[in-house]
Amino acid sequence: MAKDKKVYIGTGRRKSSVAQVKMYSGKGKIIVNGIDVNEFFPDKTNVMDLKQPLVVTNNEETFDIEVKVNGGGYSGQTGATRLGITRALLEYDKPNEENEDSYRKILKRAGFVTRDPRSKERKKPGLKAARRAPQFSKR
């Protein structure tokens, strides 16, 4: 990465995963934890899912992206990365925020701006899991 390039930063969270995204102008390369995105995520649908904000805004080959992600599994890390990319795109498009064709309106319509609040429910005392009770025995 050259020193003179403008870097756009976005942080995404999903389930128990946190992704820190650095986005700068380039040719569309995505690096996750120092590894190419296609090698890091074993499932191609995860890769397609995290690229959705770039596809919707026609920026698949406009930016190079570096991601540091930890916590959770592949699904949570994909969602966190997608939210991080969305927030970095919003930071990039800040001057055009009021326009009709702003990234915010496009991404909001697609449902990428909102953080998914669902996470694992804590285990309760006396139960085997969050809601799973021990098997009932009449005798």
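Up top is the structure these notes are about.
This write-up is about the structure you can find in this document. (Residues numbered from 1 in each chain as written. Predicted model: local features only at pLDDT ≥ 70, side-chain atom pairs only at ≥ 80, totals over all residues. Heavy atoms only, no water.)

### Some points on the pattern of salt bridges
So, point 1. Within this structure, the stated rule accounts for five salt bridges.
So, point 2. Of the charged contacts in the structure, one is a salt bridge between Arg 14 and Asp 116, with a shortest N-O distance of 3.5 Å. Taken as a pair, Arg 14 in strand E1 (residues 8-14) and Asp 116 in the segment after helix H4 (103-110) lie far apart in primary sequence, 102 residues in all.
So, point 3. A residue is classified by how much of its surface remains accessible, and Arg 14, at 14% relative accessible area, is buried. (Salt bridge = Lys/Arg side-chain N within 4 Å of Asp/Glu carboxyl O. Helix = DSSP H or I, 4+ residues; strand = E, 2+ residues; numbered from the N terminus. Buried < 20%, exposed > 50% of the residue type's maximum accessible area, 1.4 Å probe, protein only.)

### Focus on the layout of surface pockets
So, point 1. In this structure, the largest pocket occupies an estimated 190 Å³ of space.
So, point 2. In terms of lining residues, the largest pocket is bounded by 14 residues, among which Arg 14, Gly 79, Arg 82, Thr 114 and Asp 116 are the most central.
So, point 3. Secondary-structure elements contributing two or more residues to the lining of the largest pocket are E1, helix H2 (44-56) and helix H3 (74-92).
So, point 4. No other element matches the five residues that H3 contributes to the lining of the largest pocket.
So, point 5. Here the residues of the lining of the largest pocket sort into two nonpolar, six polar and six charged. (1 Å grid on protein atoms, 1.4 Å probe; cavity = no way out; pocket = protein on both sides within 12 Å on 5 of 7 lines; lining within 4 Å. Points joined across faces, edges and corners; volume = space filled by probe spheres on them. Nonpolar A, V, L, I, M, F, W, Y, C, P; charged D, E, K, R; others polar.)

### Looking at the packing of aromatic side chains
So, point 1. Scanning all chains against the criterion turns up five aromatic pairs.
So, point 2. Counting every residue linked through ring pairs, the aromatic cluster contains Tyr 8, Phe 63, Tyr 92 and Tyr 103. (Phe/Tyr/Trp six-rings, centres within 6.5 Å; stacked < 30°, edge-to-face > 60°.)

### Some points on the environment of Asp 36
So, point 1. You can see Asp 36 is positioned in strand E4 (residues 35-36).
So, point 2. Not counting chain neighbours up to four residues away, the residues in contact with Asp 36 comprise Ile 30 and Ile 31. (Contact = heavy atoms within 4.5 Å.)

### Some remarks on H2
So, point 1. A rise of 1.5 Å per residue sets the reference length of H2, with its 13 residues, at 18 Å; its end C-alpha atoms lie 18 Å apart and thus fit the reference within 8%.
So, point 2. Helix geometry: H2 is bent most strongly at Leu 50, by close to 40°, with proline Pro 53 lying one to four residues after it.
So, point 3. Residues of H2 that are buried include every one of Asn 46, Val 47, Leu 50, Pro 53 and Leu 54, and no others.
So, point 4. Buried residues along H2 sit against strand E3 (30-32), helix H1 (37-40), strand E5 (63-70), H3 and H4.
So, point 5. Looking at the residues trailing H2, positive phi occurs at Asn 58, about 55°. (Expected span 1.5 Å × (residues − 1). Bend = angle between axes of the 7 residues up to and from the residue.)

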